[in-house]
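Listed below, chain by chain, are the residues.
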Amino acid sequence: MRITIITVCYNRKATIEKAIKSVLAQNYHDIEYIIIDGNSTDGTKEIIESYRDKISKYISEPDKGMYDAINKGFQLATGDVIGLMHSDDEFFDRKAVTRIAARFEY
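Everything numeric here is computed off the predicted structure, so don't read it as measured data.

About the thresholds
Starting from 1, residues in each chain are numbered consecutively following that chain's sequence as written. Thresholds applied to this predicted model are a pLDDT of at least 70 for local features of residues and 80 or more for the giving and counting of side-chain atom pairs; totals over whole chains, interfaces and linings are not thresholded and use all residues. Note that water and hydrogens are dropped before the side-chain values are worked out from all heavy atoms of the structure. Starting at the N terminus, helices and strands are each numbered in turn, a helix being any DSSP run of H or I of at least four residues and a strand any DSSP run of E of at least two. Here the radius of gyration uses the C-alpha set of atoms, whereas the globule reference equals 2.2 Å times the residue count to the power 0.38. The buried label applies to any residue whose accessible area, calculated with a 1.4 Å probe on protein chains only, is under 20% of its type's maximum; exposed applies above 50%, and partly exposed to all values in between. By the convention used here, residues are in contact when the closest approach between their heavy atoms is within 4.5 Å. What qualifies as a polar contact is a pair of N or O atoms within 3.5 Å, subject to a donor-acceptor requirement within protein and to the restriction that residues adjacent in sequence count only when both atoms come from side chains. The rule for a salt bridge is simple: a side-chain nitrogen of Lys or Arg has to be within 4 Å of a carboxyl oxygen of Asp or Glu.

Novice: Lay out the overall build of the chain with the relevant residues and their values.
Specialist: Across its full length, the chain holds four helices and four strands. Scanning the chain from its N terminus toward the C terminus, one meets helices and strands in the order β-α-β-α-β-α-β-α. Whereas a compact globule of 106 residues would reach a radius of gyration of roughly 13 Å, the chain reaches 13 Å, a difference of no more than 12%. When the backbone C-alpha atoms are referred to their principal axes, the chain occupies close to 45 × 25 × 20 Å. Put simply, the chain has 106 residues, and 41% of those count as buried. By sequence separation, contacts in the chain at least 24 residues apart represent 74% of the contacts at least 6 residues apart.

Novice: Outline the environment of Ser-22, listing residues and values.
Specialist: If you trace the backbone, Ser-22 turns up in helix α1 (residues 16-24). Given a relative accessible area of 9%, Ser-22 falls into the buried group. When the C-alpha positions of Ser-22 and Asp-89 are compared, they lie 8.4 Å apart, and in sequence the two are 67 residues distant. Beyond its immediate chain neighbours, meaning those up to four positions away, Ser-22 contacts Met-85, Glu-90 and Phe-91.

Novice: Could you give an account of the side chain of Asp-37, with specific residues and numbers?
Specialist: Along the chain, Asp-37 turns up in strand β2 (residues 31-37). Among the polar contacts made by the side chain of Asp-37, one reaches the side chain of Ser-40 at a distance of 2.5 Å. Contacts of Asp-37, omitting those with residues within four sequence positions, involve Cys-9, Tyr-10, Thr-44, Lys-45, Ile-48, Tyr-58, Ile-59, Ser-60, Glu-61 and Asp-63.

Novice: Go over the pattern of salt bridges, please, and point to the residues and values.
Specialist: Tallying each qualifying case throughout the model produces six salt bridges. Arg-2 serves as the salt-bridge partner of Asp-30, at 3.1 Å between the closest nitrogen and oxygen. In this pair, Asp-30 sits in the loop between α1 and β2 while Arg-2 sits in the segment before β1 (3-9), placing the two residues 28 residues apart along the sequence. On the accessibility criterion, Asp-30 (22% relative accessible area) is partly exposed.

Novice: Describe the environment of Val-8, and please don't skip the residues or the numbers.
Specialist: With respect to the helices, strands and loops of the structure, Val-8 is situated in strand β1. Given the relative accessible area of 12%, Val-8 is considered buried. Along the backbone, Val-8 and Ala-101 are 93 residues apart, and their C-alpha atoms lie at a distance of 22 Å. Setting aside anything within four residues of it in sequence, one finds Val-8 in contact with Ile-36, Met-66, Ala-69, Ile-70, Met-85 and Ser-87.

Listed below in structure tokens is the structure:
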């Protein structure tokens, strides 16, 4: 089962790397990671770009706010389950997505 995690952000240089590392550290085998950035101007884009080869899909363009950005992420998502990771959040541990997936497998 594919799990899609979407992170939306705008000018979150201070926190975006922590969120990215948290998703990338998950031990689950099939994560699609999507980041939608609202065309940040504070260095956020440069941090995201440094992880570009580990991010499934990344868009940086102006949007109409957080919910518009989330909808862009939903449109790109191909996972069986979709979750949101806010740009200033992180998973509790490396097994969080594995536990989530186990709830949906039959």
